[in-house]
Amino acid sequence: MSQPKFPQIDPPLTREGSLNEIISSIASEELSLSHILNAEGEKLQYVLGTLPGLSEAAALEEVMRVNQSVHDTLSDVVSQQMMLSSKLGAALSAPILPGATGPTGPTGPTGPAEGATGATGPTGAAGPEGPAGATGSTGPDGAAGVTGATGPTGPDGIAGLTGATGPTGPDGIDGAAGAAGPAGPDGIAGLTGATGPTGPDGAAGAVGAAGATGAVGATGATGPQGATGASGPNPTSTAAFAANTQGSSVLVPLGGTAIPLPNAQVLSADITANAGNTVFTVATAGTYQISYHVNTTLSLLMGTRLVINGVNNTASTIAPLVSTSRFENQIKVNLPAGSTITLQIYPAALAGTAVLVGGGAGASLTIIRLS
């Protein structure tokens with residue numbers, strides 16, 4: 001089996017140059033991992049519909065499969081990142097220069113002394129070379145390099161899908177019917193006319209003529225009509241409707257903001273709106289059915305809710321779990337007299353702007369007293 005042959009590198013690499021080449025290759029791998037992370041993020045955006053391309057929304061099962069694929073890829077990327085971090089630490093801690101040269105070995109022994117002085121003879125042969133000195137000990141290792149920076153934190157997983165809206169509660173019972181008014185008294189009966197006189201008996205033989213019929217008595221006057229009974233209570237006489245059809249742009253801060261409803265207002269006398277058409281005050285206590293709709297031009301990661309007497313109503317809240325452009329809900333609630341009602345929109349995490357649909361019901365609020 002032949003031995004491997006490596007190509008000659010000209011100019012030859014030094015130890016310092018080799019370490020620089022290793023660090024450069026680690027940087028290239030880190031750049032490749034960043035492109036992989038970006039591609040996985042765009043894959044999730046594509047499936048969720050925030051990047052154009054899908055003709056119809058992906059099914060929940062498809063979204064979960066893509067989510068698992070992204071999870072597996074990110075796990076591999078984290079493992080590769082740990083290997084690169086270890087490789088970079090080893091490269092940075094490797095010494096660049098060799099250790100110091102060891103001490104010089106001892107000098108060899110001197111050759112034999114010269115003989116007695118005589119005639120100068122030929123030059124003697126050179127003495128043998130002394131043995132080589134022992135090799136010096138290896139120098140100490142260089143100091144360890146600085147630990148590499150910690151890799152970036154992986155992206156958060158996508159938010160779960162919003163659960164299905166619960167069924168609408170049953171309608172409240174109808175109000176009791178008002179009592180019927182009392183019937184008016186009967187009119188006084190007219191007097192009976194007097195009976196006409198009986199005719200005289202005829203003479204024997206021929207029948208006497210019948211007596212004339214007495215005149216019919218006059219009809220008595222009709223009695224007065226009784227008063228109409230009072231009507232029973234009508235809960236639906238307390239009701240209100242208001243909408244926003246202007247296509248308004250609503251700036252939504254972190255704490256949420258009220259949606260103005262200045263258009264198509266139909267308010268009963270005991271329901272009033274403030275100057276900004278954002279707060280509706282109910283003067284009559286009772287059980288109320290309140291419903292709302294909000295329609296935006298783009299899907300937003302925001303939520304909606306009713307604020308009743310300054311408190312967020314949990315049952316009316318649509319939480320911002322996925323992006324949507326349509327919000328609607330309906331509740332039944334007992335309200336004391338003087339209660340206030342506000343329709344509010346709020347963001348999931350960051351402030352933004354919601355643009356309501358124009359030329360139609362961009363937002364609407366309906367209030368009906370049931371009893």
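Shown above is the structure to which this text applies.
Residues numbered from 1 in each chain as written. Predicted model: local features only at pLDDT ≥ 70, side-chain atom pairs only at ≥ 80, totals over all residues. Heavy atoms only, no water.

> Please explain the side chain of S364 as it appears in this structure.
Note that S364 resides in strand β13 (residues 358-369). What makes S364 buried here is its relative accessible area of 8%. S364 has contacts with F241, A242, A243, L261, S291, Y292, H293 and L343, leaving out every residue within four places of it along the chain. (Helix = DSSP H or I, 4+ residues; strand = E, 2+ residues; numbered from the N terminus. Buried < 20%, exposed > 50% of the residue type's maximum accessible area, 1.4 Å probe, protein only. Contact = heavy atoms within 4.5 Å.)

> Teacher, can you tell me more about the environment of K332 here?
Checked against the element boundaries, K332 lands in strand β10 (residues 324-335). Linking K332 and T287, residues 45 residues apart in sequence, is a C-alpha distance of 7.0 Å. Here the side chain of K332 touches Q289 through a polar contact of 3.3 Å, side chain to side chain. (Polar contact = N/O pair within 3.5 Å; in protein donor to acceptor, adjacent residues only side chain to side chain.)

> What's the story with the pattern of salt bridges in this structure? I'm lost.
Any two side chains of opposite charge can pair if their charged atoms end up close together. On inspection of all chains with the given rule, the structure shows four salt bridges. A salt bridge links K43 to E40, with the nearest nitrogen and oxygen atoms 3.3 Å apart. One end of the pair, K43, and the other, E40, are both in helix α1 (residues 15-48), three residues apart, so they sit about a helical turn from each other. On the basis of relative accessible area, E40 is assigned to the buried category, the value being 9%. Between E328 and R326 there is a salt bridge, with its nearest N and O atoms 3.0 Å apart. (Salt bridge = Lys/Arg side-chain N within 4 Å of Asp/Glu carboxyl O.)

> Is there a simple way to explain unusual backbone geometry in this structure?
Residues other than glycine seldom take positive phi values, yet N277 does so here, at roughly 60 degrees. Tracing the backbone through its elements, the reader meets N277 in the loop between β5 (271-273) and β6 (280-282). N277 gets classed as buried once you look at its relative accessible area, which sits at 18%. Of note, the phi angle at N309 is positive, near 55 degrees, even though the residue is not glycine.

> Help me understand the packing of aromatic side chains, please; the structure alone is not making it clear to me.
For any two aromatic rings, the description comes down to two numbers: the centre-to-centre distance and the angle of the planes. The full count for this structure, using the stated rule, is zero aromatic pairs. Across the ring face of Y346, the terminal group of R305 is positioned such that the distance to the ring centre comes to 3.9 Å. (Phe/Tyr/Trp six-rings, centres within 6.5 Å; stacked < 30°, edge-to-face > 60°. Lys NZ or Arg CZ within 6 Å of the ring centre and 35° of its normal.)

> I tried to follow the nonpolar core on my own but got confused; where do I start?
Taken as a class, soluble globular proteins show a tendency for nonpolar side chains to be buried jointly. Counting residues in each nonpolar core, the largest one holds 29 residues, and the members touching the most others are I259, I290, V294, L306, I341, L365 and I367. For this core, the secondary structure elements donating two or more residues are β1 (239-246), β2 (249-252), β6, β7 (286-300), β8 (302-308), β10, β11 (339-347) and β13. The dominant element in this core, judged by the number of residues it contributes, is β7, at five residues. Discounting chain neighbours no more than four positions away, the residues touching I290 are L306, I308, N329, Q330, I331, V333, L335, I341, L365, T366 and I367. Ranked by size, the runner-up nonpolar core spans six residues in total, among them V47, V63, V66 and V70. (Core = buried A, V, L, I, M, F, W, Y, C linked by side-chain atoms within 4.5 Å.)

> Would you mind showing me how to read helix α2 (residues 60-93) here?
Each α-helix turn comprises 3.6 residues. Residues three or four places apart therefore point the same way. In this model α2 runs 49 Å from its N-terminal to its C-terminal C-alpha over 34 residues, within 8% of the 50 Å that 1.5 Å per residue would give. Listed in full, the buried residues belonging to α2 are V63, V66, V70, L74, V77, Q81, L84 and A91. At its buried positions, α2 is contacted by α1. (Expected span 1.5 Å × (residues − 1).)

> Teacher, can you tell me more about the pairing of β1 here?
Looking along a regular strand, one sees side chains alternate from face to face of the sheet. Examined bridge by bridge, β1 and β13 share seven bridges and lie antiparallel to one another. Residue pairing in the sheet places A242 in a bridge with L365 of β13. For β1 and strand β4 (residues 263-267), the ladder comprises three bridges, and the chain directions are antiparallel. The residue of β4 that forms the bridge with F241 is V266. (Pairing = 2+ DSSP bridges.)

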